[in-house]
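Spelled out, the chains give:
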Amino acid sequence: QVKWKGKDLFDLVCRTLGLRETWFFGLQYTIKDTVAWLKMDKKVLDHDVPTEEPVTFHFLAKFYPENAEEELVQEITQHLFFLQVKKQILDEKIYCPPEASVLLASYAVQAKYGDYDPNVHKRGFLAQEELLPKRVINLYQMTPEMWEERITAWYAEHRGRARDEAEMEYLKIAQDLEMYGVNYFAIRNKKGTELLLGVDALGLHIYDPDNRLSPKISFPWNEIRNISYSDKEFTIKPLDKKIDVFKFNSSKLRVNKLILQLCIGNHDLFMRRRKADSLEVQQMKAQAREEKARKQMERQRLAREKQMREEAERTRDELERRLMQLKEEATMANEALMRSEETADLLAEKAQITEEEAKLLAQKAAEAEQEMQRIKATAIRTEEEKRLMEQKVLEAEMLALKMAEESERRAKEADQLKQDLQEARESERRAKQKLLEITSKSSYTQSMNSSTTVLPTDLPSFNLISESLSFDFKDTDMKRLSMEIEKEKVEYMEKSKHLQEQLNELKTEIEALKLKERETALDILHNENASRGNSKHNTIKKVS
C-alpha cells in the first residue's frame, strides 16, 4: 500500500515465508549503480527508489552468522542462506578453490536429488545443472563427464542426509571461505592510496585492491570503540587509545551511510551472540530441537519400513528365482522322460526284428540240414558222382555250421536288446517319479510366493508403528538428544579430518590437468596462502 513503511513490506515477506529469524535479512534495491537497503521506519515510496514500475526489491541476507550451525535455527533460514551463498559462489562473488567447489557441488546435488541411486541417477543426469563456477571449469582440461564423475563420487558418500542436513554441510564449508559474508567498498586513505574496506560478522578489514583474500589490517568488533563519518570521511577509533585512529574516504556519501548501516548491524549481532539468548530465540531453539528429534524419529521409521520392504522384495525375488529353477528342472525332466519313452520304443522294435531274423535263420538251418540228409540218403553209383556228392555234403555242412553260429549270435543280440529294453523302462519309471516330486515342490513354492509378495506397508506391524508416532519430549529425551549432539560433534571432527584428506587427494588428482596460463589472480593468491598454511581465521588474528 502507498502508506506502507519499509517494516510493513518486510514483515509481509517474512510472514509469507514463515521466517522468524528476520534480523539477518533485508530488502535490497539499486539506485545509480549503488546498492541500498530499505529502511524499516521510512515509507517505502519516500526512499530514493527507481521511478519506473514495478519497483523491484531483492529479499537477501544482509548480515551473515559467524557459525551457521549454531546460529541459524529455522530450516527456512538455512535454506535461504544456502541459496544465496550458492549463487554467490557460482557468480564468483565468493572465491572458492576447485576442490572445494566439487565438494560443495556434491552437497548441492544431495540437497536437490536426495540419496544417490545408480539405477535412477545415470550418467549425464547432471548435464543441465549449473554446479561449478565457470572459472573452475575453464582452469582444467576436463570434460563435463569428468567433472560429473568426480561430483557423483562424493555425492554417493552423502547417503542418508536429508535436504536440510546437506544444505547445512554446504554452509559449514562455505563459511570458511575468505570472501564469505564480506561486503567490499572502494576507499582511499589519508595519503590517497586506493584500498578496499571489508565489513563482515567478525569486524572491519582493510585489503589491497588486488587481494580480496588476505586483509592487511583487521579491526575486530570487540576492539572498536567508535565508528563515525563526516561527509565522505570515515573514522574508526580503536578501543586501545594507544593505537592510531584510522581514517579513510569513500567516493559517495550514500556509500558511507551504507557502510555505517552494515557496521551497526554486524556489531549488534556480534555483541548479541556473546550474551544469553533472548526468550524468543530460546523458544525457537527448543522448537527446532523438538522438530529435529521428530524428523529423526520419522526418518528412522521410514528407514525401517524401507529396509523391511527391500527384504520382502528380496525374498519375493528369491522365491520367484527358485520357482523358475523348479520349472526349468520340471521341463528338463519331462524332456528326459520323453527321450526315455522314445528309446524304449526303439529298443522294443529292434528286439522284435532281431527275434524274427533269428527265427528265419533257424528255419534256414533246418532246411539245410534236411537237404544234407536227403543228399546223404541218395545213392551215388559212380565215383565221380560220389566225390562230387561228398564235396556238396562238405559245403552243406560248412554252410549249416555258419548258419548255426549266426543263429546263436542273433539269439544273444536279442537277449541283450531285451535287457536294454528292461533298463529303459526302469529309467522311464524313475523319470516319472522325479517329475512327480518336482511338480509337488513347485505347487508348494507358488503358495509360499503368493503369501510373501504382499509388501510390508500392508502388514499389521506398520500400523503399530504409525500409531506410536506421538512423542512426548521429556527431560530425559532432551538429555539423550544433548548426548547425541555431543557425539555428533566428535564424529564431525573425525569427518573434517577425512574431508581434508579427500580435498587434498582430489587437488592432487586434477593438478596434472590444470592450465596454468588460465589461473586468475585470486587462484594464485589462494595457492600462496595454502602453501603458507594460512586460513581465513588465523590470517585475521595475525593482522588484528
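Rules and cut-offs
- Residues numbered from 1 in each chain as written.
- Predicted model: local features only at pLDDT ≥ 70, side-chain atom pairs only at ≥ 80, totals over all residues.
- Heavy atoms only, no water.
- Helix = DSSP H or I, 4+ residues; strand = E, 2+ residues; numbered from the N terminus.
- Buried < 20%, exposed > 50% of the residue type's maximum accessible area, 1.4 Å probe, protein only.
- Areas by Shrake-Rupley, 256 points an atom, 1.4 Å probe, with all protein chains shown as cover.
- Salt bridge = Lys/Arg side-chain N within 4 Å of Asp/Glu carboxyl O.
- Pairing = 2+ DSSP bridges.
- Axes fitted to C-alpha atoms, helices over the stretch in contact; angles between N-to-C directions.
- Left-handed = near helix turned anticlockwise from the far one by under 90°.
- Contact = heavy atoms within 4.5 Å.
- Phe/Tyr/Trp six-rings, centres within 6.5 Å; stacked < 30°, edge-to-face > 60°.
- Lys NZ or Arg CZ within 6 Å of the ring centre and 35° of its normal.
- UniProt positions renumbered as here; feature names shortened; annotations may be inferred.

## Some details on the overall build of the protein chain
Part 1 of the argument: Counting secondary structure elements, the protein chain contains 14 helices and ten strands.
Part 2 of the argument: Across the 544 residues of the protein chain, 37% fall into the buried class.
Part 3 of the argument: Taken as a whole, the protein chain presents about 33,600 Å² of accessible surface, with 52% of it coming from carbon and sulfur.

## A look at the pattern of salt bridges
Should the charged atoms of two oppositely charged side chains come close, the side chains can pair.
Part 1 of the argument: Evaluation of the coordinates by the stated rule reveals 27 salt bridges.
Part 2 of the argument: Put simply, glutamate 66 and arginine 274 hold a salt bridge, and the shortest N to O gap is 3.0 Å. Here glutamate 66, found in the loop between β3 (58-61) and α2 (68-71), pairs with arginine 274, found in the loop between α8 (253-273) and α9 (279-377); they are 208 residues apart in sequence, far enough to count as distant.
Part 3 of the argument: Its relative accessible area of 25% is what places glutamate 66 among the partly exposed residues.
Part 4 of the argument: In this structure, the salt-bridge partner of arginine 321 is glutamate 318, at a minimum N-O distance of 2.5 Å. With arginine 321 and glutamate 318 both in helix α9 and three residues apart, the pair spans about one turn of that helix.
Part 5 of the argument: For arginine 321, a relative accessible area of 45% translates into the label partly exposed.
Part 6 of the argument: One network of salt bridges, in which partners are shared, links Glu66, Glu71, Arg273 and Arg274.

## Some remarks on the sheet that holds strand β7 (residues 217-220)
Part 1 of the argument: Reading across the sheet, the seven strands line up as β7-β6-β5-β4-β10-β9-β8 and stay open at both edges, with antiparallel pairing between neighbours. Edge positions in the sheet fall to β7 and β8 (224-230), since each of these pairs with one other strand and no more. Within this sheet the neighbouring strands show an average axis-to-axis angle of 30°, counted without direction.
Part 2 of the argument: By the bridge criterion, four bridges tie strand β6 (residues 203-207) to β7 in an arrangement that is antiparallel. If you follow histidine 205 over to β7, its bridge partner there is serine 218.

## Observations concerning the packing of helix α4 (residues 98-113) against helix α6 (residues 144-155)
Part 1 of the argument: Two elements in contact, α4 and α6, have axes separated by 8 Å at closest approach and are oriented at 65°. α6 is crossed by α4, and the crossing has right-handed handedness. Taking contact as the criterion, the partners of Glu99, Val102, Leu103, Ala105, Ser106, Val109, Gln110 and Tyr113 in α4 are, on α6, Trp147, Arg150, Ile151, Trp154 and Tyr155.

## Some points on the packing of aromatic side chains
Part 1 of the argument: Within the structure shown, the criterion is met by 18 aromatic pairs.
Part 2 of the argument: Residues tryptophan 23 and phenylalanine 24 carry aromatic rings whose centres are separated by 6.1 Å and whose planes lie at 45° to one another, so their mutual orientation is tilted.
Part 3 of the argument: For the pair phenylalanine 246 and phenylalanine 248, a centre-to-centre distance of 6.0 Å together with 45° between the ring planes defines the contact as tilted. Neither phenylalanine 246 nor phenylalanine 248 differs from the other in exposure class; each is buried.
Part 4 of the argument: Ring pairing ties together the aromatic residues Phe10, Trp23, Phe24, Phe25, Phe59, Tyr64, Phe81 and Tyr180, which thus form one cluster.
Part 5 of the argument: Geometry around tyrosine 184 places arginine 212 over its ring, the cationic atom sitting 4.9 Å from the centre.
Part 6 of the argument: In this structure, arginine 274 is placed above the aromatic ring of phenylalanine 270, and the distance from its NZ or CZ to the ring centre is 3.6 Å.

## Observations concerning the UniProt feature "binding site: a 1,2-diacyl-sn-glycero-3-phospho-(1D-myo-inositol)" (unreviewed entry) in the protein chain
Part 1 of the argument: UniProt marks Lys39, Met40, Asp41, Lys42 and Lys257 with the feature "binding site: a 1,2-diacyl-sn-glycero-3-phospho-(1D-myo-inositol)" (unreviewed entry), using the numbering shown here.
Part 2 of the argument: In this fold, lysine 39 is placed in the loop between β2 (34-37) and β3.
Part 3 of the argument: Setting aside residues no more than four positions away along its own chain, lysine 39 makes contact with Gly6, His47 and Gln261.
Part 4 of the argument: Residue placement: lysine 42 occurs in the loop between β2 and β3.
Part 5 of the argument: With near-sequence residues (within four places) excluded, lysine 42 lies in contact with Lys5, Gly6 and His47.

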